[in-house]
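Architecture at a glance
Chain by chain, the residues:
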Amino acid sequence: MAHGLKKLSAFNITALALGLAFLYLPIVILVIYSFNASRLVTVWAGWSTRWYREFFNDRAMLDAAWMSFRVGVVSATAATLLGTLAAVALSRGERFKGRTLFSGMLYAPLVMPEVITGLSLLLLFVALNAERGFWTVTVAHTTLTMCFVATVVQARLSALDRSLEEAAMDLGCDPVRAFIAVTLPLMLPSIAAGWMLAFTLSLDDLVIASFTTGPGSATLPIRIYSEVRLGVKPEINAICTLIIGGIAVVIITASLASRLSSARGETAAPL
Amino acid sequence: MRGVSKDGRWHLWPILRGSPPRRRAPQDDVRCWKGKTVSARRIFARPARFAAIAPYLWMLLFFLVPFGFVLKISLSQTAIAQPPYVPQFDLTQGWAAIQAALAELSLDNFKLLISDNLYVLSYLRSVVVAVISTAILLVIGYPIAYGMARLPRRWQSVAMMLVIVPFWTSFLIRIYAWINILQHDGLLNKTLLALHIVSAPVVWLSTDSAMYLGIVYSYLPFMILPLYATLAKMDPALLEAASDLGASRSKAFWLVTFPLSLPGVGAGVLLCFIPIVGEFVIPDLLAGSDSMMIGQTLWLEFFTNKDWPVASATAVVLLVLLLAPMLIYDRLQRRQLEAR
Amino acid sequence: MTEDATPKESVRTEPPLAAVDMPLLRIDGVTKRFGGFTAVDKLSLDIRAGEFFALLGPSGCGKTTLLRMLAGFETPDAGRILLDGRDIAQVLPHQRPVNMMFQNYALFPHLNVRDNIAFGLKRANMPRPEIDARVAEMVALAKLEGLEKRKPDQLSGGQKQRVALARSLARRPQVLLLDEPLAALDKKLRENTQGELTELQRRLGMTFIIVTHDQEEAMTVADRIGVMDSGRLEQVATPRQLYEAPASRWIAEFVGDINMIEGQLESSEDHRLTISTRDAGTIVAAEPRQPLTKTTICVAIRPEKVKLSRRGPVSDAAGAIPMNRLEGVVTEVNYLGGVTTYKVKLDTGAILRASMANTARLDMNAYSASQRVTAWFTPDDCVVLEQ
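Residues numbered from 1 in each chain as written. Chains lettered and ligands numbered in written order. Predicted model: local features only at pLDDT ≥ 70, side-chain atom pairs only at ≥ 80, totals over all residues.

With that settled, the discussion passes to the overall build of chain B. Counting its secondary structure elements, chain B contains 15 helices and two strands. Taking all 340 residues of chain B together, 42% fall into the buried category. Of the contacts formed within chain B by residues at least 6 apart in sequence, a portion of 67% connects residues at least 24 apart. (Helix = DSSP H or I, 4+ residues; strand = E, 2+ residues; numbered from the N terminus. Buried ≥ 20, exposed ≤ 12 C-beta atoms within 10 Å, placed from the backbone. Contact = placed C-beta atoms within 7 Å.)

Turning next to the domain arrangement of chain C. What the domain assignment lists for chain C is domain 1 (25-97 + 173-244) and domain 2 (257-313 + 322-386). The centre of domain 1 of chain C, based on its C-alpha atoms, is set 34 Å off from the matching centre of domain 2 of chain C. (Domains from an automatic or database assignment.)

Between chain B and chain A, the contact holds 86 residues from the first and 73 residues from the second. Ranked by residue count, the leading element in the side of chain B that touches chain A is helix 3 (residues 53-74) of chain B, at 14 residues. Its residues assigned to classes, the side of chain B that touches chain A comprises 63 nonpolar, 12 polar and 11 charged. (Nonpolar A, V, L, I, M, F, W, Y, C, P; charged D, E, K, R; others polar.)

On to helix 11 (residues 236-244) of chain B. Of all nine residues in helix 11 of chain B, seven are buried; the element is thus mostly enclosed. Those residues of helix 11 of chain B that sit buried are Leu238(B), Leu239(B), Glu240(B), Ala241(B), Ala242(B), Ser243(B) and Asp244(B). Of the surrounding secondary structure, the elements contacted by the buried residues of helix 11 of chain B are helix 12 (249-277) of chain B together with helix 1 (63-71) and strand 6 (98-101) of chain C.

Moving on: the nonpolar core. Within the largest apolar cluster, 163 residues are counted, with the highest numbers of intra-cluster contacts made by Ala86(A), Leu119(A), Ala145(B) and Ile175(B). Those residues in contact with Ala145(B), other than ones at most four positions away along the chain, are Ile224(B), Leu227(B), Tyr228(B) and Leu231(B). Counting 101 residues, the second-largest nonpolar core is a separate cluster that includes Leu66(C), Ile88(C), Met138(C) and Val306(C). (Core = buried A, V, L, I, M, F, W, Y, C linked by C-beta atoms within 7 Å.)

Time to look at the sheet that holds strand 17 (residues 339-346) of chain C. All names here are of chain C. A sheet is described by the order of its strands in space; here five strands give the open sequence 15-19-16-17-18, paired in antiparallel fashion. The open sheet has two edge strands with one neighbour each: strand 15 (307-309) and strand 18 (351-357). Direction aside, neighbouring strands of the sheet carry axes that sit 45° apart on average. Alignment of strand 16 (residues 324-335) against strand 19 (residues 372-377), held across six bridges, turns out to be antiparallel. Bridging from a neighbouring strand, Arg325 pairs with Trp376 of strand 19. (Pairing = 2+ DSSP bridges. Axes fitted to C-alpha atoms, helices over the stretch in contact; angles between N-to-C directions.)

Residues and elements named next belong to chain C. Pairing in this open sheet of five strands is antiparallel, and the strands run 13-12-11-14-20 from one edge to the other. A strand with exactly one partner marks an edge of an open sheet, and here the two such strands are strand 13 (281-286) and strand 20 (382-386). Neighbouring strand axes in the sheet, compared pairwise and without regard to direction, differ in orientation by 45° on average. Here strand 14 (residues 296-301) pairs with strand 20 via five bridges, running antiparallel. Bridge pairing in strand 20 links Val299 to Val384.

On to helix 3 of chain B, then. For an α-helix, the turn length of 3.6 residues means that residues three or four places apart are oriented alike. Residues and elements named next belong to chain B. The end-to-end C-alpha distance of helix 3 is 31 Å, a good match for the 32 Å that 22 residues give at a rise of 1.5 Å each. Taking the largest bend as the criterion, helix 3 deviates by roughly 35°, centred on Leu60. Turning to helix 3, its buried residues number three or more, namely Pro55, Tyr56, Trp58, Met59, Phe62, Phe63, Pro66, Phe69, Val70, Ile73 and Ser74. (Expected span 1.5 Å × (residues − 1). Bend = angle between axes of the 7 residues up to and from the residue.)

The subject of this paragraph is the environment of Ser34(A). All names here are of chain A. Among the secondary structure elements, Ser34 is positioned in the loop between helix 1 (10-33) and helix 2 (50-57). Judged by C-beta crowding, with 24 C-beta atoms within 10 Å, Ser34 ranks as buried. Note: C-alpha distance between Ser34 and Ser120 (86 residues apart in sequence) is 37 Å. Sequence-distant contacts of Ser34, that is, excluding residues within four places in its chain, are made with Trp51, Asn237, Ala238 and Thr241.

Let us now look at the environment of Thr191(B). Here Thr191(B) lies in helix 9 (residues 187-194). Along the backbone, Thr191(B) and Leu121(B) are 70 residues apart, and their C-alpha atoms lie at a distance of 37 Å.

Here's what the structure looks like:
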C-alpha cells in the first residue's frame, strides 16, 4: 500500500471515466446510426451507406459545405496571422499605451454571447453598405476566432525560455531576427494548433454566420440547423460523421506530426 | 563599424539608441549585469509593440465600432425600409440633416424592454438558467479536472486531448447527437423501455432538462480546462506538508487544494456563465417553447419580427448586464498572465 | 542573526545514551524499490533520542527516500520502522509524531505566516488560546517577530526557511526531519543557520535527522553521520571518526580530500605495518583496528597530515619514530586564505597532496612551484584500508 499522494482514488477514476463516456457517447451513437439502412432513426435495419450517397447528391448541402470550407480556410489563416501578432505584442511588448483596451478587446469575444457579436457585425456591414456573403462571413469569423488563436499562442509564448532569445541577441542578432530565427520555429506547433482551432470554430459557427451571411451563401451549419428544425434527418448523421471523421484525421495527423518532431529532438509543444 | 567596440564584441545599445558606444565605467558593470535581463526585455518590447498595430486596428473596426452602431440602432425606430430602421444618418446631407436625425433618436425601445414582461422574464430566465447550468458544470467538472491533474504526467496530455477533441467536433453536431438520443423514439427511451424502467416513452426533448443536458454537455470543456490548468500547477509538496502537519486527505483537499484552485474556479465559472446567458442554439433546439432565453428573444426580434431596433436594444441591455462579469473575467485573466 | 554569547563546543562528543538503552528510532532492514530500481537496500540504523543525525551521500544514494519513509510519504517494501518501540512503517503521515521541513519549504501560499505555523496545531484540535500561545512561542524561537501577517510571497528565502522550521516544530514532534533545508541559501547565511540549528536542537533536546549532500554541513551540525551509497549505509560514525577513521576506501575518498597510495603488505611487527608501494616506496603505517584479510591494501593520508620541508624532518633523539619521507617537486600551489594546498610530484612520478595552514601573515618561507621539497608523515597519520 503506497501513500503517494499523487495516487488516484477510485472516486477520481470513476469521475474521469464517466466524464469521458458522457462526452463521447452521443458522438459514437451518431456515427453508428449514420450507417443505419433504415430511414427511421429508431429502427436499426442493417449497415448501409445510402445517407452518404444522398449527401453527395444533395446540391444545396454540397454548396454549403464548400462555402463553409472556403470561409474556414480564409478566416483561419487571417485569424492566425492577426492572433499571432497580437500574442507577440501582448507577451513581449511589456507595457504600452492602450494595452488594457487592446487585451480587453482581444479577449472579449471569448466570453461574449455570439448573438451580440453577430448582430453588431451585421449592423456594421449594413452601415458600410457591404454586400453580405462570403467576405462578410469571413471577416466576422476572423474577428471571432482571432482571440482563440491569441490565447493558444500566448500561452506557448509565455512558457518559452527567454534566455534563448537573449542568447541569440548575444550572438549578434537584432531582436527581430532573434525572434524569427529562434522563437518562431518553437512557436510553430502552437500556431498550427491555433489555425486548426480557428478553422474548426469557423466550420462550426452558426449564430454569427446566420447574422452576417447573405442570400445564396449559406454555410453548412446554417443548412444543418434549418434541416434539424424540421426534424431529425438521417442524412444529417452522415454529414456529421463525415465532419467528425475529417476533424479526427486532422487531429491525428497533427499529433503524429508533433510526436515525430519531438522524436527528432525538438520541443513538443503543448496546446 | 557601428556597434562593434574595441574588444570586437557586438553592442546592441548603440544600434538601437543611435549613440556612440560608451566606455564601460565600473558602475556600468553592475547596472549592465543587472540591466542585462531588464534591458534585454526592453529591447524586445519595442519591435513587439509594432506587432499590435494590425490586430489593434482590426479589432477597433470590427469589434469596438460595431457596438456604436448597435447603440445607435437601439435608439432608432423600426420601419419598412431597407435597412429597416429610421432615422438613417446620411453624412452627405450636411449637419442640419444629422441634427434632425439625432432628434429622432429615442429611448422608446428601452422603455419597451423594461415595461413588457416578455423581455423582463426572458432576461431573468437567462440568468437563472446560466446560474444553474454553471453550478452543475462546476460540480461535474471539478472532479474530472481533479482526476486529470493527478494522473501521471504522460497520461495528462492524453486526457487533455480526450477532453478537447469533442470540443473540436462541431458544437451543432453534438447537440444534434443528443436530439437523436432523446427523441420520443430515440435510443434513451428504447433503452429504458427495454430495461423496464419505464412503461411508456418519456418526453425528454423540448424540456428544460434536455436544455440543461445540452448546455452542460457543450460547455464542459470550458469548465474543465481552466480548472485543470490551475490544479496541475499546484506544488504536490504542499499536500505532503499538509499531511505531515496532521491533515487527513479530505481536510487537506478543502484546506489547501480547493482554496488554491479558486482562480481556476473563477475563470471556469465566468467562461461558462457569461456565454450561457446569451445562448441561442441549445435552448432553441432542446428546450420547450413556453419561455425563451434572451438569445432566443433577440433572434426572434431580429429574424422573425425584423425589428432591428428592439433587437439592438435587447443586445445593449444584455451587454450592460454582462459588463461586470466580463470585467471580472478580464481582471482574472490579466492576473493569471502576470503571475506567469 | 546575532551570535550566541557562549562559545560553542569545538569538539563533538557522542551524546550519552538515554537511561533506557533502546534507541528512539530503529530502522530495521528497510527496503524500498521503484520498479526495477532498489533505492534503499535492507538498511538498518539506530538513532538515539536527542541526537542530531545526518544522512550524507551523493545524489541518488537513497537518503531522501529513506527520509520520506520516516515521514510516511513512502512505504517500505520490507522491514520495520520502530519509533519508541512501535512500528510506524504503515502509519499514515498525518498520524505520525514526526514532522518534516521540506526542501523548498512548501509554505501554503494562501495563508500568512501565523496561519502556516498554526496549521498543524489546528489539525491537532488544540484549543484556541493554546494555539496562540504556541504560535507566539514558535515565532520567538524562529525570530519571526513582525512578520506574522505576511504571506509567503512577501518573504525572503531566509525568512521562508525560518517559517518552515517554526511550522514543523510547532507540534513538538518526537523527530524532526530536515530535507536539505539549507540548499537554497548562500554561504554566509548557510553557516549562520547551521549554527542556529545546532543551538536550537541542543536547547530543545529534540531528535533531528537531516539529509544533505554537503559534507561540511553534515560535519558542522551532526552528532553522528550516516554515509549512504546506492541504498546502503557505508558507515555510521561521529564526524571525527568518519574523517580520521573511514571504514572503507570509498568513504575515505568521499569525505574530504585524501591521498590514496596502493600497495602490498610486506610485514607486520609491533603494531606497525610495512607496506611496499609503487608510488611512495616503503611506507610504515599504524596497524588498523580491524584485522586485514588481504595483502593488497591502500594507505590513506589526509593532505593536512602531510608536512613539507626543504630539508627533511629533524630526527628526534634515539628511538626516533620512523618517518615516511618522500622527495619531490612542488607543481601546484593554491592559496585559499586559511590554508594553502600543494601538489607535490614525487620522484616516483605520483602526485601527493599536502595542505598547510597559513599561520603567519607574511610568510617568507612559503613554498612555490618547482621547489624541491621533502614530504613526510608519521605512521599514525596513515589509515590502512583494503582495496
